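# Tertiary structure, described
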Amino acid sequence: MNQCYFCGKEAVTKEHVPPKSMFPSHMRQDLIKVPSCKKHNNEKSGNDEYFRYLVMGQSKIVMSQKRFKTLLNNLLRSIKRKPALTVALLNTKKKIRIMDNGNIVENTIKVDEVRLNDSLEAISKGIYYFECNQIFNGITQIYALDVAFTDNNDREILYFENQKEVNRKILNNFKDAQFKGNNPIVFKYRNVIQEKSAFIHLRFYNEIDYVIGLYEA
Ligand SMILES: [Zn+2]
């Protein structure tokens, strides 16, 4: 029996990691696939679309190249057909600070951290399964490298001022690891697998980074 990459139940389908719909149609050769149960195939779920919206909406490549823009427009059309998802996108405004060429740029985007974390957990567990051919049982910790969330009173700015140092420490885990991925302009990753933990660095569209720590419970 093939086991689901996420929960270990019987797999009935395959899940693309990350979602196939992040890749323009001419870049869909040799994508990463893992066995999945029905529940953990996120391809058609709202979380998957939410995640794509968030990442693609931040990407300079997506905004500037026609084939990528088409993907984003298709996504927006699909989101509009789903009232609950549209509400989620509208109701979760947060102020964020983004590092742009070493400068801090303030921006307001809409972030639903629960949805975002669910997607990143699924992607990182998919990569872990692909690399190790086994399921990771444990907790995940998400590190967003270039984004610091602030509340309305800017109480988390201090955290952001330490961000460069935090990033340096996180990325130091990967100093001997090479990026992998067949369509690196869309997605590449590197990983460090240890006995009781793993670190996975995801990079989307050459510039949007997330690091996920997997820790055995
Ligand atoms: Zn499952």
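Values in this document were obtained by computation on a predicted structure and should not be read as measured data. (Residues numbered from 1 in each chain as written. Predicted model: local features only at pLDDT ≥ 70, side-chain atom pairs only at ≥ 80, totals over all residues.)

## So, the sheet that holds strand S9 (residues 208–216)
As summarised here, the arrangement of the four strands in space is S5-S9-S8-S7, forming an open sheet in which the pairing is antiparallel. Unpaired on one side and paired on the other, strand S5 (138–144) and strand S7 (187–193) mark the two borders of the sheet. Strand-to-strand, the axes of this sheet are offset by a mean angle of 15°, without reference to chain direction. (Pairing = 2+ DSSP bridges. Helix = DSSP H or I, 4+ residues; strand = E, 2+ residues; numbered from the N terminus. Axes fitted to C-alpha atoms, helices over the stretch in contact; angles between N-to-C directions.)

## Comments concerning the confidence of the model for the protein chain
Averaged over every residue, the pLDDT of the protein chain is 81; residues scoring 70 or more account for 77%. This stretch, residues 148–159, has a pLDDT under 50; its non-local contacts, to residues over four places away or in other chains, come to 15 contacts. (pLDDT = per-residue confidence, 0-100. Contact = placed C-beta atoms within 7 Å.)

## Topic: the environment of Phe 199
When you line up the elements, Phe 199 lands in strand S8 (residues 197–204). Classification of Phe 199 as buried rests on a count of 22 C-beta atoms within 10 Å. Taking the C-alpha atoms as reference points, Phe 199 and Ile 170, 29 residues apart in sequence, are found 9.1 Å from one another. Leaving out residues up to four positions away in the same chain, Phe 199 has contacts with Asn 173, Phe 174, Asn 191, Val 192, Val 211 and Gly 213. (Buried ≥ 20, exposed ≤ 12 C-beta atoms within 10 Å, placed from the backbone.)

## Overview of the nonpolar core
Within the largest apolar cluster, 39 residues are counted, with the highest numbers of intra-cluster contacts made by Tyr 128, Ile 200 and Phe 204. Among the secondary structure elements, those contributing two or more residues to this core are helix H1 (46–58), helix H3 (66–80), helix H5 (113–132), S7, S8 and S9. For this core, the element with the highest residue contribution is H5, accounting for six residues. Among residues more than four places away in sequence, those in contact with Tyr 128 are Phe 136, Ala 198, Ile 200 and Leu 214. (Core = buried A, V, L, I, M, F, W, Y, C linked by C-beta atoms within 7 Å.)

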